[in-house]
Each structure stands twice: as structure tokens, then as C-alpha cells.
Amino acid sequence: MRFLQKFDFTTDQLEYINQNASQVMIDSIKKCKKLVSTNIQYLMDLGVKNYREIFMEYYDLFLLDSSIFTGIFNKYDRDDLVDKLEKNIAIIEYL
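Only a predicted model underlies this, so the values are computations on that prediction, with no experimental measurement involved.

Trainee: I'd love a proper account of helix α3 (residues 33–46), names of residues and values included.
Mentor: Under the 1.5 Å per step criterion, the end-to-end length of α3 is 20 Å for 14 residues, consistent within 8% with the ideal 20 Å. Among all positions in α3, only Val36, Ser37, Asn39, Ile40, Tyr42, Leu43 and Leu46 are buried. On the buried face of α3, the contacting elements are α2 (23–31), α4 (51–57), α5 (66–74) and α6 (78–87). Positive phi appears at Gly47, one or two residues downstream of α3, with a value of about 105°.

Trainee: Lay out the nonpolar core with the relevant residues and their values.
Mentor: Core analysis: the largest hydrophobic core is formed by 33 residues, its most contacted members being Phe9, Ile17, Leu43, Phe55 and Phe73. In terms of residues, this core owes the most to one element, α3, which gives five residues.

What counts, and at which threshold
Residues numbered from 1 in each chain as written. Predicted model: local features only at pLDDT ≥ 70, side-chain atom pairs only at ≥ 80, totals over all residues. Heavy atoms only, no water. Helix = DSSP H or I, 4+ residues; strand = E, 2+ residues; numbered from the N terminus. Expected span 1.5 Å × (residues − 1). Buried < 20%, exposed > 50% of the residue type's maximum accessible area, 1.4 Å probe, protein only. Contact = heavy atoms within 4.5 Å. Core = buried A, V, L, I, M, F, W, Y, C linked by side-chain atoms within 4.5 Å.

See below:
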């Protein structure tokens, strides 16, 4: 999971992931680190500042094919979406 450090994940955040995600999920994230990295970078490029918190809550979302992942977010006004995600990451469940 060290690859997440390049996205400014702290040691505590990585430890949280290791403690709270299932081993199957951790293995999937490691196996698909290029895909996960692409999806994290997409959120960063959108301007989502709390992308780490989103990742730590919705691991499986970041394992989606990048075209599907971006399609989820591209349906909405960028500024409005970023604002809503900063206020409440749980809205991801409704996108």
C-alpha cells in the first residue's frame, strides 16, 4: 500500500486502511494499484481535497474501471460536486 504515499496518505491513514479493510480488499487494491492511482488522481484533478477520506470509506469504488469511475462524477457540475463532497462524502452512495 506504499504507493498511496505519493497521494499524501499519512502513515496513520495507511494503518487505518490495513486495520479496517478486509484482506481481500487490500489484496485487490495492491493488485490494481495502477487503476486505483488513476482514479485517485482523477479526484485530485477535479479539485476534491478530501479524496483520502473518500478512499478510506469507499475502497471498492476505486477499483472500478476508470471510464466507469469518471462517468459517475462527470454527470454533475464540477464545482457543485466538489462542494458537496467536501461537506458530506456519503453523497457518493447516491451518485
